[in-house]
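Coordinates in review
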Amino acid sequence: DGVLTPAISVLSAVEGLGVAAPGLAHWILPITIGVLIALFVLQRFGTAVVGRAFGPVVLAWFAALAAIGLHNIVGNPEVLQALDPRWGARFFAAHGWHGLTILGAVVLAVTGGETLYADMGHFGRRPITVAWNTIVLPALTLNYFGQGALLLHDPSAVENPFYLGVPSWALYPMIGLATAATVIASQAVISGAYSAARQAMLLGYLPRMGVRHTSRETLGQIYVPAVNWLLMVAVIITVLGFGDSTSLATAYGVSVTGTMLITSLLLIVLVRMRNRIPAWAFWPGAIAFLLVDLAFLAANLAKFKDGAWFPIAMGVVMFSVMRTWARGRAMLHAELRKDGIPLDDFLPGLRLAPPLRVPGTAVFLTGTAGIVPKALLHNLKHNKVLHERNVLLTVETLPVPVASVASRLSFSRIDDDFLRATVRVGFMESPDVPLALMRSCDRGGPAFDPMDTTFFASRESVLAPPHRGMPQWRDRLFAFMHRNAAPANEFFRIPSTRLVELGTPVEI
C-alpha cells in the first residue's frame, strides 16, 4: 500500500493535464515524479503541516466530487436505475463466470474503505460512521453515477470518465484539488508505513532503524528516514515502470483485495477465539465474506501478467526480508547463549579476584537474560575496572500497543553490586531507556543520576561461513541488515556521550 497508493493516486490526478491540454501529456510523468519527490522530502518536517490542511481540502474534494456527479446525472437521470440491485444480477446471469472479470475494475470504486477500519482505533466508531454516511458515501455515489451518466451519453468518454465529466472552466482547479487530495491520501499511507515499520522493529521482524519524533504534542507522529527513502525509490520506479494509472490499477486492485481477504481471515479467527456467536450463525456469514473477497481477488489475479504479479512479488520480498531477520536474530542469540558465561558461574569468580572499582553506575544492555553481557566481559578484559553499581538491562516488547505504567520497569537484585532491570514497551511505543531509568525512583526503585551513568552495549559483527545456519544468500542478507542497523544509542534514545560500544565477532 505504501508504494502503490502514492503512485496511482498522484499519477491519476496529474493525468488530468492530458485531458485539459493534450499537448502537455508528455509532462505527466515528470510532474508526477516531482510531486512525489517533494512529498517524501518534506516528510522529515513532520505531518503537522499536511495535517492542518487535511480537513478543509478533503471536505472541498468531496463537495467537488458530489457537484460534478450531479452535473452529469442531470443530463442522464436514467443512470439512477443503477440503485436497483437487479441490474447486477442480470449482468451476471447474462455473462456467467466471465462477468467476474469486471469485478477487477469495480473494486477500484471501494478502495480506501478498508483503511477506515485502521483508523477506527484512533478516532472511534462514531466519527467514522458519521463521516462515511453523511459525506463520503453520498459524494462517491453521486460521482460514480455521474461517470455512468456520462458514458451513457458518450461511450468514448471511457478514456477518462472522471476528468471528461468536469466542465472545461473547472478542469485546472479540479486537477489542483485532486493533486492536493492525493497528497493527503499518500501522506496517511506513508505515516502508516512508519508506524508499521516501528512495530516490526520492536517485534523483532526488521532491523533497528532511526526513528525521529516530529511533534512534541502527538506521540504517534514519527519519521523513519530509511523507510522514507526506500519508499520514495520504490514509488518512483513503480511510476516509471507502469507509466499510467490504468496499468497500475490491476496491481493496486490485488493489493487492496489481498488486504481485505487477510483482514476477513483475521476477523474470523478472532471471532472464533472469543466464541460469542454460535457456529450455525457464524459460519454462513464468514463464508459469505470470504466468497466476496475471494471473488474480487480472483478477478484481479486473472490479470497476473498485466501487473497483478507486482504486489505479490513485493510481498514475497518483504516476507523474505522479515523472516530472514527474525530467523537470523534467533540464531545470533542462540550463539551468544552457547558461547556465553552463565551469570551464576561468573559472579563467584569475580568475588575471588575483584577488579578495581570506580564510582558511578554502569548499565549493560543485553538481550539474553542469565548470560554475562559481552560488553561487561570486554570492559573487564580491556579496562580492568568494575563500577560501584552495575545494572544488566533488557528491553522487552510486549504484545500490546502500549505497556501499562505498572509493568514498564522492574528490578531484581542479583547481589550487592549487580541489579537486573527490565524495561517493557508496547509495540507502538518508542523505547526511551534513560527516561525509564530516571523515573524508576517514582515507583520505589533505585535512583539514577544521568550524569553519573554510563551505558555499555556490544555490537556484534556477524560472520556467515558457508554450510552453516540458513542458506548462504539469507546469511549474507542478515549480515548486511545487521551491519547497517541503527546503533543502540539512536534506537534506545541513549545520549551518544554516555554510551560505550564494544565489538564482538559472532559466527551464525
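The structure under discussion appears in the preceding block.
Computed from a predicted structure; not experimentally measured. (Residues numbered from 1 in each chain as written. Predicted model: local features only at pLDDT ≥ 70, side-chain atom pairs only at ≥ 80, totals over all residues. Heavy atoms only, no water.)

Quick notes on the overall build of the chain
Within the chain one finds 19 helices and eight strands. Restricting to contacts in the chain with at least 6 residues of sequence separation, those with at least 24 account for 78%. Of the accessible surface of the chain, which amounts to about 27200 Å², a share of 66% is contributed by carbon and sulfur atoms. Computed over 39 positive and 31 negative side-chain charges, the separation of the two mean positions in the chain equals 4 Å. (Helix = DSSP H or I, 4+ residues; strand = E, 2+ residues; numbered from the N terminus. Contact = heavy atoms within 4.5 Å. Areas by Shrake-Rupley, 256 points an atom, 1.4 Å probe, with all protein chains shown as cover. Lys, Arg positive; Asp, Glu negative; His and termini not counted. Charge placed at Lys NZ, Arg CZ, Asp CG, Glu CD.)

Some points on the environment of leucine 152
Secondary-structure assignment places leucine 152 in helix 8 (residues 125–153). Through-space distance from the C-alpha of leucine 152 to that of glycine 241 is 33 Å; in sequence the pair is 89 residues apart. When residues no more than four places from it in sequence are discounted, the contact partners of leucine 152 are Glu78 and Val79.

A few points about the pairing of strand 4 (residues 385–398)
Bridge analysis of strand 3 (residues 356–365) against strand 4 gives eight bridges, and the strand direction is parallel. Residue pairing in the sheet places threonine 361 in a bridge with arginine 389 of strand 4. In the sheet, strand 4 pairs with strand 6 (residues 418–426) via nine bridges, with the strands oriented parallel. Pairing of valine 391 across the sheet is with leucine 419, part of strand 6. (Pairing = 2+ DSSP bridges.)

Overview of the pattern of salt bridges
All chains considered together, the criterion is met by six salt bridges. The partner of arginine 408 in a salt bridge is glutamate 429, and the shortest N-O contact between them spans 2.5 Å. Of this pair, arginine 408 sits in the loop between strand 4 and strand 5 (409–413) while glutamate 429 sits in the loop between strand 6 and helix 17 (433–438); the two residues are 21 residues apart in sequence, bridging distant segments of the chain. Relative accessible area serves as the criterion here: at 15%, glutamate 429 is assigned to the buried category. (Salt bridge = Lys/Arg side-chain N within 4 Å of Asp/Glu carboxyl O. Buried < 20%, exposed > 50% of the residue type's maximum accessible area, 1.4 Å probe, protein only.)

Overview of unusual backbone geometry
The backbone of asparagine 275 sits at a positive phi, close to 55°, despite the residue not being glycine. Checked against the element boundaries, asparagine 275 lands in the loop between helix 12 (245–274) and helix 13 (279–301). Notably, lysine 384 is not glycine yet its phi reads approximately 55°, a positive angle. By the secondary structure assignment, lysine 384 is in the loop between helix 16 (374–383) and strand 4.

Structural notes on the nonpolar core
As a rule of thumb, soluble globular proteins bury nonpolar side chains together. Trp61 and Met174 are the most contacted members of the largest nonpolar core, which totals 92 residues. If you tally residues by element for this core, the top one is helix 10 (residues 171–202), at 14 residues. Ranked by size, the runner-up nonpolar core spans 15 residues in total, among them Leu350, Leu380, Leu392 and Phe418. (Core = buried A, V, L, I, M, F, W, Y, C linked by side-chain atoms within 4.5 Å.)

A look at helix 14 (residues 309–339)
Spanning 31 residues, helix 14 covers 44 Å between terminal C-alpha atoms, matching the ideal 45 Å at 1.5 Å per step. Those residues of helix 14 not exposed but buried are Phe310, Pro311, Val321, Thr324, Trp325, Ala326, Gly328, Met331, Leu332, Glu335 and Leu336. (Expected span 1.5 Å × (residues − 1).)

Considering the packing of aromatic side chains
What the rule picks out here adds up to 11 aromatic pairs. Between tyrosine 194 and tyrosine 223, the ring centres sit 5.9 Å apart and the planes meet at 85°, which makes this aromatic pair edge-to-face. One end of the pair, tyrosine 194, is in helix 10; the other, tyrosine 223, is in strand 2 (residues 222–223), and 29 residues separate them in sequence. Classification of tyrosine 194 as buried rests on a relative accessible area of 1%. Here tyrosine 223 falls in the buried class, since its relative accessible area comes to 2%. (Phe/Tyr/Trp six-rings, centres within 6.5 Å; stacked < 30°, edge-to-face > 60°.)

Here we look at a nonpolar patch on the surface
On the surface, Leu301, Phe304, Trp309, Ile312 and Val316 cluster together into a nonpolar patch covering about 430 Å² of accessible area. Element by element, the count of residues in the nonpolar patch is highest for helix 14, at three residues. Here phenylalanine 304 is to be found in the loop between helix 13 and helix 14. A relative accessible area of 42% means that phenylalanine 304 is categorised as partly exposed. (Patch = residues over 30% accessible without salt bridge, like charges linked within 9 Å, V, L, I, M, F, W, Y side chains within 5 Å.)

Quick look at the sheet that holds strand 5
What the six strands build is an open sheet, ordered 5-6-4-3-7-8; its pairing is mixed. Sheet topology places strand 5 and strand 8 (499–507) at the edges, where each strand pairs with a single neighbour. Each strand axis lies, on average, 25° off the axis of its neighbour in the sheet, ignoring direction. (Axes fitted to C-alpha atoms, helices over the stretch in contact; angles between N-to-C directions.)

Quick look at the packing of helix 1 (residues 4–14) against helix 11 (residues 225–242)
Two numbers describe how helix 1 lies on helix 11: the axes approach to 9 Å, and their chain directions differ by 50°. For the element pair helix 1 / helix 11, the angle class is oblique. Crossing hand, helix 1 versus helix 11: right-handed. Across from Leu4, Pro6 and Ala7 in helix 1, the residues of helix 11 making contact are Val235, Thr238 and Val239. Here the residues of the contact of helix 1 with helix 11 are counted per class, giving five nonpolar, one polar and no charged. (Parallel < 35°, antiparallel > 145°, perpendicular 65-115°, else oblique. Left-handed = near helix turned anticlockwise from the far one by under 90°. Nonpolar A, V, L, I, M, F, W, Y, C, P; charged D, E, K, R; others polar.)

Here we look at helix 13
Between its first and last C-alpha, helix 13 extends 31 Å over 23 residues, near the 33 Å set by a 1.5 Å rise per residue. Of the surrounding elements, those touching the buried residues of helix 13 are helix 6 (103–106) and helix 12.

Quick look at the environment of aspartate 306
Relative to the assigned elements, aspartate 306 resides in the loop between helix 13 and helix 14. In this structure the C-alpha to C-alpha distance between aspartate 306 and threonine 263, which are 43 residues apart in sequence, comes to 25 Å. Once residues within four sequence positions are removed from consideration, aspartate 306 is found in contact with Phe242, Ser247 and Thr250.

Quick look at the pairing of strand 3
Each regular strand carries side chains that alternate between the two faces of the sheet. With four bridges connecting them, strand 3 and strand 7 (residues 453–463) associate as parallel partners. Paired with threonine 361 across the two strands is threonine 453, which belongs to strand 7.

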